[in-house]
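Observations on chain architecture
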Amino acid sequence: MTPAVPDPPPRVVMVTGVGGELGGRAARRLAADEAVERVIGVDLRPPRHPLGRGEFVRADVRSPLVARLLRQAEVDTVLHMGVIATPAAAGGRVVQKDINVLGTMQLLAACQKAPSVRRLVVKSTAGIYGASPRDPAVFTEDMAARSAPRSDFARDSIEVEGYVRGLARRRPDIGITLLRMASVVGPTIRTVLTEYFALPVLPVPLGRDGRLQLLHEDDAVAACVRAVRAEPVGPCNVAGDGVLMTSQAVALTRRPWVPVPPLLDRPVQWLSRSAGVAALPRDHQALLAYGRVVDTTRMRTELGFAPAHSTRATFESYLAALRDRDRGPEAVTAP
């Protein structure tokens, strides 16, 4: 059963991380909704595209300015998309952790003190479940990682979720939704996983074939918008239907590949660096080797959201854009 949209609906929404692709798009979608009176986008980086009716405020989530904005604008809903996935996007690991962990702590402290705030939506990651040979077939929201995740982003996200639970205890009147998204892939977004599949030669874990579950970038944005409008559901896995085996994904790329022992850093790093991209992190190596699948029952029955793209369709849309990129602009014909 689809949950009812809360009454009254969100009136003033603050979106953090609008300088990123997904945050900016979510803010534009919300600003296009006439039922939302005001959308305030916050980031140190300006959005890549105009926010429509949305307002952009250049501010760090660690700044006291954010707390003042919450109070003065009487923000009732916060969509936190400012957790940075890669050190390169932040300017280094130290800055990444500072923004992800300290920034979230200060944002939540500001939410706690703002009486107008009644809903918080946080973009998290299914990476908090890790990837190991001891994993269950499917992770539900009440499960934890069998082996601690190795990636900085996943560890930061675990800390962020802990602070969010603390806010829920201190302000039980604030409804909370944590969107644990599968690996986001699509035609425009660039992540560690999309860069891996763009390598001229793919290092593939020897003797392993993980199950991959993906989420289209458009569905990631739509899930955030839905969570802002819907009743809070707590932790919620978000992923497209179906799975792709690593071997299937590699075959679909039509790229040459070379087997390497799983979780063996040096060959993978050498292949990656020789192709001009950063070394594939160990958590992504584990994902390719062992896979990760999450249960999405709560997404459908409580959040009331169904992705428009399956895992395979998501990957194929990414590959179509990748092939256009490989061919270069001279291969694109006018309609």
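Located above this text is the structure these notes cover.
Notes on the structure follow.

What follows deals with helix H1 (residues 21-31). In terms of burial, H1 is a largely internal element, nine of the 11 residues being buried. Among all positions in H1, only Glu21, Leu22, Gly23, Gly24, Arg25, Ala26, Ala27, Leu30 and Ala31 are buried.

Within the structure shown, the criterion is met by four aromatic pairs. Seen from their ring centres, Tyr129 and Phe139 are 4.7 Å apart, and the 15° between their planes marks the pair as stacked. One end of the pair, Tyr129, is in the loop between strand S5 (119-125) and helix H5 (152-170); the other, Phe139, is in the loop between S5 and H5, with 10 residues separating them in the sequence. Pair check on accessibility: Tyr129 and Phe139 agree, each one buried. An angle of 70° between the planes, with centres 4.8 Å apart, marks the rings of Tyr196 and Phe197 as edge-to-face. Both residues of the pair, Tyr196 and Phe197, count as buried. An aromatic cluster of three or more residues is present, and its members are Tyr196, Phe197, Phe315 and Tyr318.

This part takes up the sheet that holds strand S3 (residues 55-58). Overall, parallel pairing links the seven strands, which are arranged S3-S2-S1-S4-S5-S6-S11 in an open sheet. Single-partner strands in this sheet number two, and they are S3 and strand S11 (234-238). For this sheet, the mean angle separating the axes of adjacent strands, direction not counted, is 20°. As judged from the five bridges shared by strand S6 (residues 175-181) and S11, these two strands associate in the parallel manner. Considered in S11, the bridge of Arg180 is made with Asn237. The strands that H1 touches are strand S1 (12-16), strand S2 (38-43), strand S4 (77-80) and S5; relative to S1, the one it contacts most, it runs at about 165°. Most of the contacts of helix H4 (residues 93-113) go to S4, to which it runs at about 175°, and overall it touches S1, S4 and S5.

Rules and cut-offs
- Residues numbered from 1 in each chain as written.
- Predicted model: local features only at pLDDT ≥ 70, side-chain atom pairs only at ≥ 80, totals over all residues.
- Heavy atoms only, no water.
- Buried < 20%, exposed > 50% of the residue type's maximum accessible area, 1.4 Å probe, protein only.
- Helix = DSSP H or I, 4+ residues; strand = E, 2+ residues; numbered from the N terminus.
- Phe/Tyr/Trp six-rings, centres within 6.5 Å; stacked < 30°, edge-to-face > 60°.
- Pairing = 2+ DSSP bridges.
- Axes fitted to C-alpha atoms, helices over the stretch in contact; angles between N-to-C directions.
- Contact = heavy atoms within 4.5 Å.

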